[in-house]
Amino acid sequence: MSKSNKKLVASGKNEWVTKDERIPKIIGMILLLMAAYLFVAFVSYLFTWKEDQDKVLRFSWGLLLESELSVENWLGRLGAIVSNMFFYWSFGIPSFILIYLAYIYGLALLKQQSIDRFLPTLKRSLLTMAVLSIFFAFVFKRFDFSWGGTFGNTVNVWMTDFWG
């Protein structure tokens, strides 16, 4: 019989955690596939947002099941919904930073590297995403496209009201 790759180790909280080396690889692959999916959906949204936004703005999970709903996003209804969630309802264009983070963490897990060394990158990336969202919302506030997303627009309105 061959040895199992699984080991049960007691953690500090008396919980048993498996030390199976396949789990980080599976999570890493999921993160890489998610990064690729989001990249294609986001790039498609940049070209198709005018046609799709009115269809997915009234978000509900039931939109995925509506067979008569036709969207232009290259990844279909799910791609249009996910892209609209990130671009319109979240951080706008800086949402591409999330793809970068998913990619580097997925690659680190596949290579079995410690992800602790990426914590400064995570902090800088999230801060950059927030600052760029506010900046884009301020600079491009007259455009129809939501460059800074709802986060940037909301903070921009608050800062404009606060500082004048």
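Preceding this section is the structure that the text describes.
The following refers to the structure shown. (Residues numbered from 1 in each chain as written. Predicted model: local features only at pLDDT ≥ 70, side-chain atom pairs only at ≥ 80, totals over all residues. Heavy atoms only, no water.)

Here we look at the overall build of the protein chain
What the protein chain contains, in helices and strands, is 5 helices and 2 strands. Start at the N end of the protein chain and walk to the C end: the helices and strands fall as β-β-α-α-α-α-α. Excluding contacts between residues fewer than 6 apart, the proportion of contacts in the protein chain whose partners are at least 24 apart in sequence is 59%. (Helix = DSSP H or I, 4+ residues; strand = E, 2+ residues; numbered from the N terminus. Contact = heavy atoms within 4.5 Å.)

Structural notes on the packing of aromatic side chains
Tallied over the full model, the rule gives 22 aromatic pairs. Ring geometry for Phe145 against Trp147: centres 5.4 Å apart, planes inclined by 80°, an arrangement best described as edge-to-face. By relative accessible area, Phe145 is classed as buried at 10%. Ring centres of Trp158 and Phe162 lie 5.3 Å apart, and the angle between their planes is 10°; on these two criteria the pair is classed as stacked. Here the residue Trp158 and the residue Phe162 both occupy positions in helix 5 (residues 149-163), the gap between them amounting to 4 residues, near one helical turn. Phe162 matches Trp158 in its accessibility class, with the two residues each being exposed. (Phe/Tyr/Trp six-rings, centres within 6.5 Å; stacked < 30°, edge-to-face > 60°. Buried < 20%, exposed > 50% of the residue type's maximum accessible area, 1.4 Å probe, protein only.)

Points about helix 4 (residues 119-139)
Counted at 1.5 Å a residue, the expected span for helix 4 with its 21 residues is 30 Å, and the 30 Å between its end C-alpha atoms agrees. Looking at helix 4, one finds that the buried residues are Thr121, Ser125, Met129, Ala130, Ser133, Ile134, Phe136 and Ala137. Looking at the packing, one finds that the buried side of helix 4 touches helix 3 (96-110) and helix 5. (Expected span 1.5 Å × (residues − 1).)

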